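# Chains, contacts and geometry: an overview
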Amino acid sequence: MAKKLYIETVGCQMNVLDSELVVGSLRRHGYQLIHDPMEADVILFNTCSVRQHAEDKIYSALGKLRGHKQRHPSKIVGVLGCMAQKDQELVRRRAPHVDIVCGTGQLARLHELIEEVERTGKPQLALSLDRKGASRPEVERSFESYDPLRDPSMRPSRFQAYVRIMIGCDKFCTYCIVPQVRGPEQSRHPEQIAAEVRQLADEGCKEVTLLGQTVNSYKYDLGDGRRCHLSDLLARIYDTAGVERIKFITNFPRDMSDDLLDAVRELPKVSPYLHVPAQSGCNDVLKRMKRVYTVEYYREMLARCRERVPGVSVSSDFIVGFCGETEESFQRTCDLVASAGFKNSYIFKYSPRPGTKGDELFADDISEEVKKRRNNDLLAIQNKVSLADHQKRVGETVEVLVEGPSKTALKQHQASGPIQLTGRTPTDHIVVFEGNERLAGRTVQVAIEEATAFTLFGTVVTRESIGVAMPRGPVPEPPHERTSGETHRISLPLLMA
Ligand code: 5AD
Ligand code: SF4
């Protein structure tokens, strides 16, 4: 009988992709993915360490499993990903019933580790080297890019896929744990990436999103003196038949080169959408964050993006309450958000991460209450800007790649007829409209009639649609997709409060 596998995923798109690949690989070893953790033979958590909150959730979910594991000792519990790499023994100390601790760079060994636990009954640790503890080539080798065969059935949607183009990060922003848990920056060979995109397209994938912590820093030395940059890679995969849209996330402001912006402008399949986190609007704070740019530089970069890519939409990330952020510093961030015209911003309260320079050098001196207030205030400003950005589009007809039923439609379980669908424009705007479910995966034209800060509403105008104007359904929930750091749940029960 097939062994049953259950997995929960927290964190960024990299983790969502890793989980897809882990599940695909274990399925090839005969596992069946199920949605009830209590029925599973192997229970996995793919974890995130970017903020404390994400780790707390995992410890709480692990706590809920303690009794279950005692009653069924042959069941295997595994902690994968960033928290596994970062906390290693601590995970086993706090949750001794965990059998496997497997870091981000060791996922290829997961099946072997499961077999080892079955054979010996002993816990298994598979971790990459500490960045400070060995030479760069040694550390690089210990962080293996995990890119096994793709399994289309494991993706949230058959016609959309993430493709990793690099792993790791070398920026060492002082607040961030990613360079430790994902290792040194290493770009994949462009031909390997092109082959993966080709395979995805052959399987019916229409939209690929290229992933990297600093995706625009992508560079691969071809060995003959030539270097492949992201702009070259975009051109390389551009002609892949079947691929209609190419996106890439997340960008680092200092690496937003003109050749990349020109490629985005010149290659119509490449979405004119750039996620470029600013993190703060105050130079003192940016300096303490070691972001290596000033707010003036960021604004100029933004102007350059808009000049070189007309119509481009830009989104950002901000951290509020970073060490030493005064009211005046925060005000500067508010000014940036009020004037930059971001499509949207993801706003986070600073969470000190042991092992980072920020935690070592600066006191976490902003109270939780102040962080919360600044978070709300900044969100309110961004929401106004988002609403204005969305309202500008009312009256336009936009191209939408249909993703499927909206969250509201999913809750309603309607048996037949038009339902509320959702999709995105090339500029990454979320559009909700009525249509038949079979439009999923198709590109349709939608006339925008209404807007909120999160969503555009409209009516399909293309011929293949059954686009009849419908009374507006309940307003869908705000977007749940996050570029990084939020909870993505492949399954739900254990992580639910
Ligand atoms: N505390 C709060 N937010 C953080 N981020 C990264 N590290 C931290 C931290 N220690 C945010 C940044 C980054 C996003 C993925 O998460 O804004 O862009
Ligand atoms: Fe790297 Fe982004 Fe973290 Fe900075 S915030 S260290 S660029 S992953």
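Conventions we followed
- Residues numbered from 1 in each chain as written.
- Chains lettered and ligands numbered in written order.
- Predicted model: local features only at pLDDT ≥ 70, side-chain atom pairs only at ≥ 80, totals over all residues.
- Heavy atoms only, no water.
- Pairing = 2+ DSSP bridges.
- Helix = DSSP H or I, 4+ residues; strand = E, 2+ residues; numbered from the N terminus.
- Contact = heavy atoms within 4.5 Å.
- Axes fitted to C-alpha atoms, helices over the stretch in contact; angles between N-to-C directions.
- Buried < 20%, exposed > 50% of the residue type's maximum accessible area, 1.4 Å probe, protein only.
- Core = buried A, V, L, I, M, F, W, Y, C linked by side-chain atoms within 4.5 Å.
- Salt bridge = Lys/Arg side-chain N within 4 Å of Asp/Glu carboxyl O.
- Near = heavy atom within 4 Å.
- Polar contact = N/O pair within 3.5 Å; in protein donor to acceptor, adjacent residues only side chain to side chain.
- Areas by Shrake-Rupley, 256 points an atom, 1.4 Å probe, with all protein chains shown as cover.
- Disulfide = S-S within 2.5 Å.
- Nonpolar A, V, L, I, M, F, W, Y, C, P; charged D, E, K, R; others polar.
- pLDDT = per-residue confidence, 0-100.
- Arc of directions from axis to C-beta.

With that settled, consider the sheet that holds strand S2 (residues 32-33). Taken together, the 6 strands give an open sheet; going across it, the order is S2-S1-S3-S4-S5-S6, and neighbouring strands pair in parallel fashion. At either end of the open sheet lies a strand with only one pairing partner, and these are S2 and strand S6 (124-126). The sheet contacts of helix H2 (residues 52-71) involve strand S3 (42-47) and strand S4 (76-81), and relative to S3 the element is tilted by about 170°. Against the sheet, helix H3 (residues 82-94) makes contact with S3, S4, strand S5 (100-102) and S6, and its axis sits at roughly 135° relative to S4, the strand it touches most.

With that settled, the discussion passes to the sheet that holds strand S10 (residues 207-211). Spatially, the 3 strands line up as an open sheet ordered S7-S10-S13, and their pairing is parallel. Where the open sheet ends on each side, the last strands, each with one partner, are strand S7 (160-164) and strand S13 (245-249). Between one strand and the next, the sheet's axes are offset by a mean angle of 25°, whatever the strand orientation. The sheet contact formed by S7 and S10 spans 5 bridges and is parallel. Residue Arg 164 lies in a different strand from S10, and its bridge partner there is Leu 211. Together, S10 and S13 form the strand contacts of helix H8 (residues 230-238), whose direction differs from that of S13 by roughly 155°.

Position of Ile 319 relative to the elements: it lies in strand S15 (residues 313-320). For Ile 319, a relative accessible area of 8% gives the class buried. With 11 residues separating them in the primary sequence, Ile 319 and Phe 330 have C-alpha atoms 10.0 Å apart. Every residue in contact with Ile 319, bar those within four places of it in the chain, is listed here: Tyr 175, Gln 279, Met 289, Glu 325, Phe 348, Lys 349 and Tyr 350.

Next up on the list: the pairing of S13. For a regular strand, the rule is simple: side chains alternate between the two faces of the sheet. Of all 5 residues making up S13, 5 are buried, and the element is well covered by its neighbours. Alternating positions in S13 separate into two faces, Arg 245, Lys 247 and Ile 249 on one and Ile 246 and Phe 248 on the other, with burial throughout. Looking at chain direction, S10 and S13 are connected through 5 bridges and run parallel. Looking at S13, one finds that Leu 211 is bridged to Ile 249.

Before going further, it helps to examine the nonpolar core. In this structure, Leu 210, Leu 230, Leu 234 and Phe 248 are the most contacted members of the largest nonpolar core, which totals 66 residues. The contact partners of Leu 230, leaving out residues within four places of it in the chain, are Ile 165, Leu 210, Val 215, Asn 216, Tyr 218, Phe 248 and Leu 260. Listed in part, the 30 residues of the second largest apolar core include Leu 5, Leu 110, Leu 113 and Leu 211.

For strand S21 (residues 456-460), the tally of buried residues reaches 5 of 5 residues, placing the bulk of the element in the interior. Sheet analysis places strand S19 (residues 430-435) next to S21, joined by 3 bridges and oriented parallel. Opposite Val 431, over in S21, you have Leu 456 as the bridge partner. The pairing of strand S20 (residues 443-451) with S21 spans 5 bridges and is antiparallel. Residue Ile 448 lies in a different strand from S21, and its bridge partner there is Gly 458. In this antiparallel pair of consecutive strands, S20 and S21, the connection spans 4 residues.

We now examine the pattern of salt bridges. The full count for this structure, using the stated rule, is 42 salt bridges. In this structure, the salt-bridge partner of Glu 112 is Arg 109, at a minimum N-O distance of 3.3 Å. Using a relative accessible area of 42% as the deciding quantity, one classes Glu 112 as partly exposed. Here Arg 109 falls in the partly exposed class, since its relative accessible area comes to 31%. In the salt-bridge network here, residues are joined through shared partners; they are Glu 207, Arg 245, Lys 247, Lys 343, Glu 399, Glu 403, Arg 424 and Asp 428.

Once that is clear, we can look at the site of ligand 1. Contacts to ligand 1 come from 12 residues, most closely from Arg 51, Tyr 175, Gln 279, Asp 317 and Ser 351. In this structure, an oxygen atom belonging to ligand 1 sits 3.0 Å away from a side-chain N or O atom of Arg 51. Here Gln 279 contributes a side-chain N or O atom positioned 2.7 Å from an oxygen atom of ligand 1. Notes on ligand 1: free accessible area 400 Å², of which the protein chains cover 92%. For the shell around ligand 1, the secondary structure elements donating two or more residues are S15 and strand S16 (345-349).

Topologically, Ser 345 is positioned in strand S16. A polar contact is formed between the side chain of Ser 345 and the side chain of Gln 382, at a distance of 2.8 Å. If near-sequence neighbours (up to four positions away) are discounted, Ser 345 is found in contact with Ser 316, Phe 318 and Gln 382.

Throughout the structure, instances matching the rule amount to 0 disulfides. The thiol of Cys 12 is unpaired, and the distance to the nearest cysteine sulfur, on Cys 82, comes to 6.5 Å. With a relative accessible area of 14%, Cys 12 lands in the buried category.

This brings us to the site of ligand 2. Surveying the vicinity of ligand 2 reveals the residues Cys 169, Lys 171, Phe 172, Cys 173, Tyr 175, Cys 176, Val 178, Pro 179, Gln 213, Thr 214, Phe 252 and Arg 291. The residue inventory of the shell around ligand 2, partitioned by class, reads 8 nonpolar, 2 polar and 2 charged.

When pLDDT is averaged across the protein chain, the result is 91; 92% of the residues are at 70 or more. With pLDDT under 50 throughout, residues 465-493 is counted as low confidence; its partners more than four residues away or in other chains account for 92 contacts.

What follows is about H8. Among all positions in H8, only Leu 230, Ser 231, Leu 233, Leu 234, Ile 237 and Tyr 238 are buried. Buried residues in H8, looked at end-on, bunch into an arc of 160°, giving them a common side. Close packing links the buried residues of H8 with helix H7 (190-202), S10, strand S12 (227-229), S13 and helix H9 (258-266).

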